[in-house]
Number of protein chains: 2
Amino acid sequence: MNITFNNRDPVYLQVVKYFKEEIATGKLASGQEIPSRRELAGLLQINPNTAQRAYKEMEEQKLITTEGNSPSRITTDGRILNSIREELIQEAVEVFVQSIKKIELPTDELLRFVKEKYESERARG
Amino acid sequence: MNITFNNRDPVYLQVVKYFKEEIATGKLASGQEIPSRRELAGLLQINPNTAQRAYKEMEEQKLITTEGNSPSRITTDGRILNSIREELIQEAVEVFVQSIKKIELPTDELLRFVKEKYESERARG
DNA sequence: TGAAGTGTACTATACACTTCATACACTTAG
DNA sequence: CTAAGTGTATGAAGTGTATAGTACACTTCA
């Protein structure tokens, strides 16, 4: 569990995004068990209610499923699993373009900035 | 005054960003007068205190200056004016890269997504 | 059977932040 | 001088999030 919270966004949404990223990168697989609410709360040092809220959000988005009181699992719905990666990318690109478009920067210049920053960031990570 | 507010970010910060964009694109020039707090509030349909807070924020960032109760003006400090554009770009790129880096997308693929979205957006605007 | 763990739900509280309402001192135009 | 407009300051109100505590039905397992 390698996750650091920022103060800007709600914790439960950051948890949701974390799980989406884990799925998108294959670190969490179809049908895989995930920690219980209380266990996750302990791992991340957050309140159990916050963990519950994150899981509830993921249930509604059909990322995970829960039957009775069995441990929750990553969904086995292939369409959803495949769409998560695409969704994360499109969402990030959308937000970025909206935030930058008023500057009226030439396309090649913009791409150069992105390429530079992205590669320097990947070199570290 | 062409500005639409979202519900996610504080209004006063959206106002600040709006002014920065106007400066970065040359629509607001060095030393130019800007509306009074109450006048801006009327134009944007916001509370005068919210306008005040936006102006206060811009004062602190030295984007605008106010002497006595004369109308506030865009700063004439060339270094600041030149840095605003760069700042907006770098900030947007930084946020974008941070939000996307965990997906581990090949660089060329990422650039293709950005290029596509950016150009389709500029075609409309 | 009984204890522990599970998901779920509810209320109450605290805190940070934004926005709103009001007031005050000052300057300027009529 | 008076009235309107200006910038500024202060406290109240509203909103959303996180936390705390409790409760209940259910399953699992010793």
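Anything mentioned here points back to the structure above.
Described below are features of the structure shown in this document. Given the structure is predicted, the values throughout are model-derived calculations rather than measurements. (Residues numbered from 1 in each chain as written. Chains lettered and ligands numbered in written order. Predicted model: local features only at pLDDT ≥ 70, side-chain atom pairs only at ≥ 80, totals over all residues. Heavy atoms only, no water.)

1. Description of the protein's contact with DNA strand D
Right, on to step 1. Around DNA strand D sit 18 residues in total, of which Pro10(A), Val11(A), Asn47(A), Asn49(A) and Arg37(B) are the nearest.
Right, on to step 2. Backbone atoms, meaning sugar plus phosphate, form 57% of the atoms of DNA strand D positioned within 4 Å of the protein.
Right, on to step 3. Secondary-structure elements contributing two or more residues to the surface near DNA strand D are helix 1 (11-24) and helix 3 (48-60) of chain A together with helix 2 (37-44) and helix 3 (48-60) of chain B.
Right, on to step 4. At three residues, the largest contribution of residues to the surface near DNA strand D is made by helix 3 of chain A.
Right, on to step 5. Taken together, the residues of the surface near DNA strand D sort by class into three nonpolar, eleven polar and four charged. (Near = heavy atom within 4 Å. Helix = DSSP H or I, 4+ residues; strand = E, 2+ residues; numbered from the N terminus. Nonpolar A, V, L, I, M, F, W, Y, C, P; charged D, E, K, R; others polar.)

2. Comments concerning helix 2 (residues 37-44) of chain A
All names here are of chain A.
Right, on to step 1. Taken residue by residue, helix 2 has Leu40, Ala41 and Leu44 as its buried positions. Buried residues of helix 2 fall within an arc of 105° about the axis and therefore sit on the same side.
Right, on to step 2. In this structure, the buried side of helix 2 is in contact with helix 1 and helix 3.
Right, on to step 3. Looking one or two places after helix 2, you find Gln45, whose phi comes out positive at around 60°. (Buried < 20%, exposed > 50% of the residue type's maximum accessible area, 1.4 Å probe, protein only. Arc of directions from axis to C-beta. Contact = heavy atoms within 4.5 Å.)

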